[in-house]
Amino acid sequence: MKLDNALKLLREVPDFPRPGVVFRDLTPVLADPDALRAVVDGLQDKIDPDTQVVAAIESRGFLLGAPLGYGWRYGVVPLRKPGKLPAVAHRVSYDLEYGTAELELPAGAILPGQRVVIVDDVLATGGTAEAACTLVERAGAIVTGISVVLEITALDGRSRLAGRNVSALLAV
C-alpha cells in the first residue's frame, strides 16, 4: 500500500475529547498491516541517518516508535505520563490544545550524547513535542528531529519548534 492510500484511512472524530475539537484517529491505519507498514516506512524515510534512539510519546507514539526501533535497529524509549515509571530522570509540564499535561523520561534510558528522534502521531500546538525535546536535552542527548504522521497546521505547532527538524507525513 502506498503512503497516500494509507493516510486516507485516518478518521476524523468531531467533538472529541471536548466540543469543538476534531480528533484525528490513527486506529484504522494501525489496524491495516499494509497501511501501518507504509506509515512506518514513511516516517523512517525522514529520520536523520545518525539517529540512535526513538523517543516515543505516550501513547500513540509507542505504536509507531516500536516498529521503527525494531525495523531499523534504534533503541526505543517511552516518554510517559506521570505515575507510570518506577524511576524518573526528568519531568516536564506543558500546554495542550485543550488543557495541560506532563511527560516523564525514564531514568538512565537516554544517555548524554545520544542522537534521538521524537516520534508521535500528531503535531497540534507543539506543546507535547516541545516537552519531549526538553526531556531529551535535559538528559544531555541531541534531538535529531521530530517525526509525526499528521500535522494540524492551523494550530501552528511548528512555531514552538523553531530551528528543529520537523517532518510530517500529512499536513491538514
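It should be noted that the structure appears before, not after, this text.
Please read all numbers here as calculations on a predicted model, not as lab measurements. (Residues numbered from 1 in each chain as written. Predicted model: local features only at pLDDT ≥ 70, side-chain atom pairs only at ≥ 80, totals over all residues. Heavy atoms only, no water.)

1. With respect to the packing of aromatic side chains
Part 1 of the argument: Here the structure, examined in full by the defined rule, presents 1 aromatic pair.
Part 2 of the argument: Considering the side-chain rings of Phe16 and Phe23, the 5.4 Å spacing of their centres and the 85° angle between planes classify their relative orientation as edge-to-face.
Part 3 of the argument: What makes Phe16 partly exposed here is its relative accessible area of 43%. (Phe/Tyr/Trp six-rings, centres within 6.5 Å; stacked < 30°, edge-to-face > 60°. Buried < 20%, exposed > 50% of the residue type's maximum accessible area, 1.4 Å probe, protein only.)

2. Regarding the nonpolar core
Part 1 of the argument: Counting residues in each nonpolar core, the largest one holds 27 residues, and the members touching the most others are Leu79, Leu103, Ile110, Ile118, Val136 and Ile146.
Part 2 of the argument: Of all the secondary structure elements, the ones that give two or more residues to this core are strand S3 (53-57), strand S4 (75-79), strand S5 (88-96), strand S6 (99-106), strand S7 (115-123), helix H5 (127-138), strand S8 (142-151) and strand S9 (166-171).
Part 3 of the argument: Looking at this core element by element, the count peaks at 6 residues for H5.
Part 4 of the argument: Dropping the residues within four chain positions of it, Leu103 is found in contact with Ile57, Leu79, Arg80, His90, Arg91, Val92, Tyr94, Thr128, Ala131, Ala132 and Leu135.
Part 5 of the argument: Counting residues in hydrophobic clusters, the runner-up holds 23 residues, among them Leu26, Val40, Leu68 and Val117. (Core = buried A, V, L, I, M, F, W, Y, C linked by side-chain atoms within 4.5 Å. Helix = DSSP H or I, 4+ residues; strand = E, 2+ residues; numbered from the N terminus. Contact = heavy atoms within 4.5 Å.)

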